[in-house]
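Here is how the chains run, residue by residue.
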Amino acid sequence: MSKIPRNFKLLEELEKGEKGLGAESISYGLASSDDITMTYWNGTILGPPHSTHENRIYSLHIVCDDTYPEKPPLVRFISKINLPCVDTEGKVTNGFDILKNWKRSYTMETVLLELRKTMASPSNKKLKQPAEGTTY
Amino acid sequence: MSTDKISIHIKGSGSAKYDFEIDPTITVLELKELISEPASVTSDCQRLIYSGKVLKDTETIASYKVQSGHTIHLVKRNASAASASAPGTATASNTTGAATTNTSETNNNVPSNIAAGVGAFNPMADLTGARYAGFGAHLPQFDASMFNDADPDQITNMMSNPQFQQSLNAMLDNPQMLDYMINLNPQLRAMGPQVREYFQSPMARQLLTNPEAMRSMMSLQRALGGGAGGAGGASAFPAPGNTTASEDTTSSGAQANAGSAQANPFASLGSLFPPAGGFDFPSASPAAPADTRPPEERFETQLGQLNDMGFYDFDQNVAALRRTGGSVQGAIEYLLNNP
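About the cut-offs
- Residues numbered from 1 in each chain as written.
- Chains lettered and ligands numbered in written order.
- Predicted model: local features only at pLDDT ≥ 70, side-chain atom pairs only at ≥ 80, totals over all residues.
- Heavy atoms only, no water.
- Patch = residues over 30% accessible without salt bridge, like charges linked within 9 Å, V, L, I, M, F, W, Y side chains within 5 Å.
- Areas by Shrake-Rupley, 256 points an atom, 1.4 Å probe, with all protein chains shown as cover.
- Salt bridge = Lys/Arg side-chain N within 4 Å of Asp/Glu carboxyl O.
- Helix = DSSP H or I, 4+ residues; strand = E, 2+ residues; numbered from the N terminus.
- Buried < 20%, exposed > 50% of the residue type's maximum accessible area, 1.4 Å probe, protein only.
- Arc of directions from axis to C-beta.
- Contact = heavy atoms within 4.5 Å.
- Buried area = accessible area lost by both parts, 1.4 Å probe.
- Pairing = 2+ DSSP bridges.
- Axes fitted to C-alpha atoms, helices over the stretch in contact; angles between N-to-C directions.

Draft legend 1. Region of interest: a nonpolar patch on the surface. Together, Ile4, Phe8 and Leu11 of chain A give the surface a local cluster of nonpolar side chains, amounting to about 310 Å² of exposed area. Looking at where Phe8 of chain A falls in the secondary structure, it is placed in helix H1 (residues 6-19).

Draft legend 2. Helix H20 (residues 328-337) of chain B, seen in detail. All names here are of chain B. Considered for burial, the residues of H20 that qualify are Val328, Ala331, Ile332 and Leu335. The buried residues of H20 occupy one face: seen down the axis, they fall within an arc of 100°. For H20, exposure combined with an orientation more than 90 degrees from the buried face picks out Gln329, Glu333 and Asn337. Residues of H20 that are buried in the fold lie against helix H18 (300-308) and helix H19 (314-323).

Draft legend 3. Local environment of the interface of chain A and chain B. Listed by partner, the interface residues are 34 residues for chain A and 36 residues for chain B. For the chain A and chain B pair, buried surface summed over both sides reaches about 2800 Å², with 48% attributable to carbon and sulfur atoms. If you sort the residues of chain A by the area they bury against chain B, Glu18, Glu24 and His50 of chain A come out on top, with a joint share of 24%. We note a salt bridge from Glu132 of chain A to Arg47 of chain B, for which the minimum N-O separation is 3.7 Å.

Draft legend 4. The arrangement of the sheet that holds strand E3 (residues 46-50) of chain B in detail. Residue and element names in this part refer to chain B. As summarised here, the arrangement of the five strands in space is E2-E1-E5-E3-E4, forming an open sheet in which the pairing is mixed. Because the sheet does not close on itself, it has two edges, and the strands there are strand E2 (17-22) and strand E4 (53-54). In this fold helix H1 (residues 28-39) packs onto strand E1 (6-11), E2, E3 and strand E5 (71-76), with an angle of close to 115° to the strand it touches most, E3.

Draft legend 5. Structural context of H18 of chain B. Buried within H18 of chain B are the following residues: Gln302, Leu303, Leu306 and Asn307 of chain B. Looking straight down H18 of chain B, one finds that the buried residues subtend no more than 140° of arc, so they occupy a single side. In H18 of chain B, the exposed residues that point more than 90 degrees away from the buried face are Thr301 and Asp308 of chain B. Close packing links the buried residues of H18 of chain B with H1 of chain A together with helix H17 (295-298), H19 and H20 of chain B.

What follows is the structure in structure tokens.
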């Protein structure tokens, strides 16, 4: 099977993000709509219910450099969050399974949904979180 | 100066979806006011998200480069599940049954037809909200009678289900929930504060969550013969709640109650759940703890498959999956027949 080139894949993701075709609990889009290289993205995750994240909105920066989608994107939280896979600067570390075992078929949506699932996991959902609205 | 209007979609939680024709020069706040009427959410309770950005009230729609045909996500700020997620507040006062606090009153999801006098804290309130509406039909019946009549194997199976275990543990962890359940049951209420202690003791928890212990107890109970066995079982069974039971030896009536509560946790657990008539959703209310994950998590793999096949409408996909209990094949059939 032929590989989808980076730009086509990102264009597809952009359309999906803007038209809201994916899951409703997350959202993503280009940080600046004149970024023709489609490198810098914003993402939000709506905190999963029945966890300390409930009703919070987490903002993230996603960087899809030239190596995307061969290599995973760089994902960094802007909103402060307490999660094992997020370091002290908000960066999602390689300990996060999706980034560690990255597959070409994954998308930014995969990453955001997987992060949201991690937030809701039994071991993380009760973690004490920094005050809402604080940023890195 | 006239600007071309653009059409945008507002996507709320669940199946809520609103279409607007707007002038992109209006501010976000003005858009929120437009939304507030059909969505019946006041503008200060709305949060709008577009392209991974939370929209600020003072900015214009145009500044976010929203294009015609694009979708803005609407998130309600109101703490719709606050009662379930705020344990550890106002515990002791609830045991008295005084319906004073208003956890449920501030909650928009509470339908007015919940039986009155259930008490201030109603953890089931959320479950009757519209977003769980679809659950009733598909979840197994799980009311009090099940504990008394059901086939022991079935119950043991259920007990071994990690999800059930988890929710049971969470329930026992939450003093409010315990109080609420104790309050619902006059028998338990009459026994006073030690019931609470009992349910919170590690012993009781182990008993309630250990399928093996359950099984042996149930066979014991059967051997001893029905309801009478409940009380008798207390002495035969290596008393699980020794500490609490011994305090009660003077009052024989309470002792029998306490005895059966200890010997047969199902009886007490069963009666702990609200009586079926009390709620509009008798089957949904106790059953929902079994799976309260949002649909995108429950059906994650299935939704992914549907997406891959070109079914992009999230809400329809979820609706179809719910109908078919998570079967992708069935969902496709449904989606094709009901475009």
